[in-house]
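# A structural walkthrough
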Amino acid sequence: MQFDYEARLNKLQFYLQKQHLDAFLVSTQDSIYYLSGASYKPIERPFFLLVRPTGKYDLIVPHLEYEHMKKVAQYGQIRSYFEYPSVEGQNWYDVLRGMLGSGARIAIEPDCSVAMRDLLPVKETVVSDAILQLRMVKDAAEIEAIRNAAKWTDLGMKALHRGIYRGCSVVESVMPARNLQTGVMKSGEYDYLNCSFLTAAWPAPKSAQPHSVPDFHARMGKGPIVLMSYNRVNGYAAECERTVFLGEPSARELELYSLVMRARDLAFSMLRSGVRCSDIDQATQELFSGGGYTEHIIHRTGHGIGLGNHEQPWLSRGSKDALEENMVVSIEPALYFDEIGGFRHSDTVLVTKDGYELLTRYPSDLEHLIVRRKNWIAAIKGALIRKAIHF
């Protein structure tokens, strides 16, 4: 995939010129990857990309990464510091002192730590979300990369859905992620530092806690069961979630499922360039509240997707963001009931000028998602998996 790093750099440099800043010190892994294509794992040793209002950017890296980081194209110079922590005069901030000067005014990212900020040898630091703002609107190559991630994510959901059965253990639901990883490797393009794969199933009523970690020993009952395929493929992410039932849902479950699907349809009907993100979240929450379910709303309607599975724009009532063409977001209004479980679908969606395009396309209709078959083959495989890992 060919990304236009120069165009991204030029946009950031235009921001620096407008704000009369001497430099932008880029310190987060995703932002450095966005501007340079550099794949690395920082661990405890800081990496920096130093962008000035004109010219090429410079890299500041640990000495042990010096040769490795020469793979990055279009840089000016690579400066290294010996170790972290280092002896006086040889730390990363000592290197920056010689590059910036004590009178410099520089921008830093919101995620730059207070401890790191206090060590910067400059006159003034300005916390800026300029890079996050740039990342919100995707270019053609990024959209293609997210399409690719969405394809693998749909495959993960298909494997999850096909493998589920009454009595299936949670541990079995994480296994499809291994096959996704293997598939990406076989495709011939696999950046292991910028790939991650997660599939999982939340059995009822644990599905009412979407960010919980279900017990691997837990077994699937009737429903509602929330399936999740959540992946990053060569830098770019996608997600898909589905609520499924093992056998016919009860009248109450059908009522709640239908209400969530109405909220989902409402959110989709509002998706287009120019719409405020807060208005979409307000609309879905008012629909739920009108039915008396305010206490069962525990999160926003959606979020941006790109290099991160969660990034701006936020489809939340408190958001200041407005949708623009070529943003990519999730749509996932949901309701949660401690005694019943959770009801949530999620898709990765491209915002267009006049509407949207679904990038994850796994079927979302209830008839498709009700599992009625016995699925003996999956049950046998599950027994073998549990035996192999001593469950």
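In what follows, the structure referred to is the one given above.
Here is a short report on the structure shown in this document. Because the structure is predicted, anything quoted here is derived from the model rather than measured.

### Structural notes on the overall build of the chain
Of regular secondary structure, the chain possesses twelve helices and 17 strands. In terms of overall dimensions, the chain is globule-like: its C-alpha atoms have a radius of gyration of 23 Å, near the 21 Å expected for 391 residues. Reported as C-alpha extents along the three principal axes, the dimensions of the chain are approximately 70 × 50 × 35 Å. The 391 residues of the chain split such that 54% are buried. Long-range pairs, those at least 24 residues apart, make up 65% of the contacts in the chain with a sequence separation of at least 6. When the accessible surface of the chain is totalled, it reaches about 17,800 Å², and 52% of it is carbon and sulfur. Charge-centre separation for the chain: the mean point of 45 positive side chains lies 5 Å from the mean point of 46 negative side chains.

### Description of the pattern of salt bridges
By the definition in use, this model includes 21 salt bridges. Between E357 and R147 there is a salt bridge, with the nearest N and O atoms lying 2.5 Å from each other. With a gap of 210 residues between them, E357 in strand β16 (residues 356-358) and R147 in helix α6 (residues 140-163) connect regions that are remote in the sequence. Judged by relative accessible area, R147 falls into the partly exposed class, the value being 30%. In the salt-bridge network here, residues are joined through shared partners; they are D30, R135, K138, R232 and E311.

### Here we look at empty space enclosed by the protein
All told, the structure shown has one cavity of 30 Å³ or more when counted by the stated rule. There is about 30 Å³ of room inside the largest cavity. Forming the walls of the largest cavity are D281, T284, Q285, F288, I297, H299, R300, T301, P333 and A334. Among the elements that take part in the lining of the largest cavity, helix α10 (residues 277-290) stands out by supplying four residues, more than any other. Considered class by class, the residues forming the lining of the largest cavity number four nonpolar, four polar and two charged.

### A few points about the packing of aromatic side chains
The final tally for this structure, using the stated rule, is ten aromatic pairs. Members of the aromatic cluster, joined through ring pairs, are F3, Y5 and Y236.

### Digging into the sheet that holds strand β5 (residues 105-108)
Reading across the sheet, the six strands line up as β4-β3-β2-β1-β5-β6 and stay open at both edges, with mixed pairing between neighbours. Single-partner strands in this sheet number two, and they are β4 (78-81) and β6 (124-127). Within this sheet the neighbouring strands show an average axis-to-axis angle of 25°, counted without direction. Two elements, strand β1 (residues 23-26) and β5, share three bridges in a ladder whose sense is parallel. Directly across from A23, in β5, lies its bridge partner I106. Against the sheet, helix α2 (residues 29-36) makes contact with β1 and β2 (48-51), and its axis sits at roughly 55° relative to β2, the strand it touches most.

### Quick notes on the pairing of strand β14 (residues 341-344)
For strand β13 (residues 334-337) and β14, the ladder comprises four bridges, and the chain directions are antiparallel. For A334, the partnering residue across the bridge sits in β14 and is R344. Joining the antiparallel neighbours β13 and β14 is a turn of three residues.

### Some thoughts on the packing of helix α9 (residues 251-270) against α10
Running from amino to carboxyl end, α9 crosses α10 at an angle of 155°, the nearest separation of the two axes being 9 Å. Classed by the angle they form, the pair α9 and α10 counts as roughly antiparallel. In this structure, α9 meets α10 at a crossing whose hand is right-handed. Only D279, I280, A283, T284, L287 and F288 of α10 make contact with α9, whose side of the interface consists of L259, V260, R262, A263, L266, A267 and M270. Class assignment of the residues belonging to the contact of α9 with α10 gives a composition of ten nonpolar, one polar and two charged.

### Quick notes on unusual backbone geometry
Along the chain, A204 connects to P205 via a cis peptide bond; the corresponding omega equals 0°. Locating P205 in the fold gives a position in the loop between β7 (196-202) and β8 (225-233). The amide bond that connects Q312 to the next residue, P313, takes the cis arrangement and shows omega of 5°. Phi angles above zero are rare outside glycine, and H20 is one such case at about 55°. Judged by its relative accessible area of 65%, H20 is exposed.

Reading the values: the criteria
- Residues numbered from 1 in each chain as written.
- Predicted model: local features only at pLDDT ≥ 70, side-chain atom pairs only at ≥ 80, totals over all residues.
- Heavy atoms only, no water.
- Helix = DSSP H or I, 4+ residues; strand = E, 2+ residues; numbered from the N terminus.
- Rg over C-alpha atoms; globule rule 2.2 N^0.38 Å.
- Buried < 20%, exposed > 50% of the residue type's maximum accessible area, 1.4 Å probe, protein only.
- Contact = heavy atoms within 4.5 Å.
- Areas by Shrake-Rupley, 256 points an atom, 1.4 Å probe, with all protein chains shown as cover.
- Lys, Arg positive; Asp, Glu negative; His and termini not counted.
- Charge placed at Lys NZ, Arg CZ, Asp CG, Glu CD.
- Salt bridge = Lys/Arg side-chain N within 4 Å of Asp/Glu carboxyl O.
- 1 Å grid on protein atoms, 1.4 Å probe; cavity = no way out; pocket = protein on both sides within 12 Å on 5 of 7 lines; lining within 4 Å.
- Points joined across faces, edges and corners; volume = space filled by probe spheres on them.
- Nonpolar A, V, L, I, M, F, W, Y, C, P; charged D, E, K, R; others polar.
- Phe/Tyr/Trp six-rings, centres within 6.5 Å; stacked < 30°, edge-to-face > 60°.
- Pairing = 2+ DSSP bridges.
- Axes fitted to C-alpha atoms, helices over the stretch in contact; angles between N-to-C directions.
- Parallel < 35°, antiparallel > 145°, perpendicular 65-115°, else oblique.
- Left-handed = near helix turned anticlockwise from the far one by under 90°.

Geometric values such as these leave the question of function open.
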